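# Reading the structure
Single-letter residue listing:
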Amino acid sequence: MKKTIILTATLAIFAIGHTFGQGLHFGAKAGVNFANYTGSDLAGYEFESITNYHAGIFVEFGLFEAFSIQPELLYSTAGSNLKGTGENIKNELGYLSIPVVARFYLIPDRLSVDVGPQVSFLLNEKENVNISNSETFDFALVGGLTFQIIGPLFVQGRYNLGLTDVKKDADVKNSIIQLSAGVRF
């Protein structure tokens, strides 16, 4: 089932890409996540940030000179260190994330502001905490900046603000700062 979802999403992104001739860019990116939970404490645990990673592909559809739409397909890890009651538990969640950002170019083909929604599907969880089960779907808003360094190379900073609860029966949401590097052709 997970392989079918990944394959379908990948094919959809590339199939749509072939219908837009000009202003079409493909790329790949990877980077570091600084993830944490926000919300109320989980059964007496306090949250501490963890460092993880993300990697994936994207296609950018140039609609106007200073505006484009960019769907992405990423594997992204989130979670938090849970400290309390004498133990330290690293709860790491692996997601298939699909952000779709609107890119507003401040400097054409050089610097952009990126904002949009992101849906994520839980693929795996390490150190499953018995406090409550994790939700399998996550919805977030993402925003950040992308800077095209030279040629196809770029760097990116992004914040993911989780809007749905990560844990059942708990007010806990994902909060992720992402730093990426990649190539865009």
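This write-up is about the structure you can find in this document. (Residues numbered from 1 in each chain as written. Predicted model: local features only at pLDDT ≥ 70, side-chain atom pairs only at ≥ 80, totals over all residues. Heavy atoms only, no water.)

## Some thoughts on the overall build of the protein
Our working definition: Strands here are runs of E lasting at least two residues and helices are runs of H or I lasting at least four, both read from the DSSP assignment and numbered beginning at the N terminus. Exposure is judged per residue with a 1.4 Å probe applied to protein chains only, and the accessible area is read against the type maximum: over 50% gives exposed, under 20% gives buried, and values in between give partly exposed. In what follows, a contact means two residues having at least one pair of non-hydrogen atoms within 4.5 Å.
Secondary structure assignment for the protein yields one helix and nine strands. Put simply, the protein runs from its N terminus to its C terminus through helices and strands in the order α-β-β-β-β-β-β-β-β-β. By the burial criterion, 44% of the 185 residues in the protein qualify as buried. Long-range pairs, those at least 24 residues apart, make up 61% of the contacts in the protein with a sequence separation of at least 6.

## Describing the pairing of strand 3 (residues 50–64)
As a reminder of what qualifies: In this scheme, strands are said to pair when DSSP sees at least two bridges between them.
Where strand 1 (residues 24–39) and strand 3 come together, 12 bridges link them in antiparallel fashion. Across the sheet, Gly31 pairs through a bridge with His54, a residue of strand 3. Relative to strand 4 (residues 67–84), strand 3 is paired through eight bridges, and the arrangement is antiparallel. The residue bridging Gly62 from the neighbouring strand is Ser68, located in strand 4. Taken together, strand 3 and the strand that follows it, strand 4, pair antiparallel across an intervening segment of two residues.

## Digging into the environment of Phe64
Mapped onto the elements, Phe64 comes out in strand 3. Linking Phe64 and Gly23, residues 41 residues apart in sequence, is a C-alpha distance of 8.4 Å.

## Some remarks on a nonpolar patch on the surface
Filter applied, for reference: Residues enter a patch when their relative accessible area is above 30% and they make no salt bridge; the linking distance is 9 Å between like charges and 5 Å between nonpolar side chains (Val, Leu, Ile, Met, Phe, Trp, Tyr). To measure how exposed things are, a 1.4 Å probe is used in the Shrake-Rupley method; for residues, cover is taken only from the protein chains shown. Just to be clear on terms, a salt bridge is a Lys or Arg side-chain nitrogen sitting within 4 Å of an Asp or Glu carboxyl oxygen.
Together, Phe34, Leu141, Tyr159, Leu161, Leu163, Ile177 and Leu179 line one region of the surface with nonpolar side chains, adding up to about 570 Å² of accessible area. The set of elements that each furnish at least two residues to the nonpolar patch consists of strand 8 (153–162) and strand 9 (172–184). Overall, Tyr159 belongs to the partly exposed group, its relative accessible area being 33%.

## Quick look at the nonpolar core
Defined as follows: By nonpolar core is meant a set of buried Ala, Val, Leu, Ile, Met, Phe, Trp, Tyr and Cys residues that side-chain atoms within 4.5 Å join together.
Tyr37, Leu82, Leu93 and Tyr95 are the most contacted members of the largest nonpolar core, which has 15 residues in total. Of all elements in the fold, only strand 1, strand 4, strand 5 (87–107) and strand 9 reach the threshold of two or more residues within this core. Element by element, the count of residues in this core is highest for strand 5, at three residues. Residues contacting Tyr95, with those up to four places away along its chain left out, are Leu74, Tyr75, Ser76, Ala78, Ser120, Phe121, Leu122, Leu123, Asp138, Val166 and Asn174.

## Quick look at the pairing of strand 9
Pairing geometry for strand 1 and strand 9, over 13 bridges, is antiparallel. Bridging from a neighbouring strand, Asn36 pairs with Ser175 of strand 9. Relative to strand 9, strand 8 runs antiparallel, the two sharing nine bridges. Along strand 9, the bridge assignment pairs Asn160 with Ile176.

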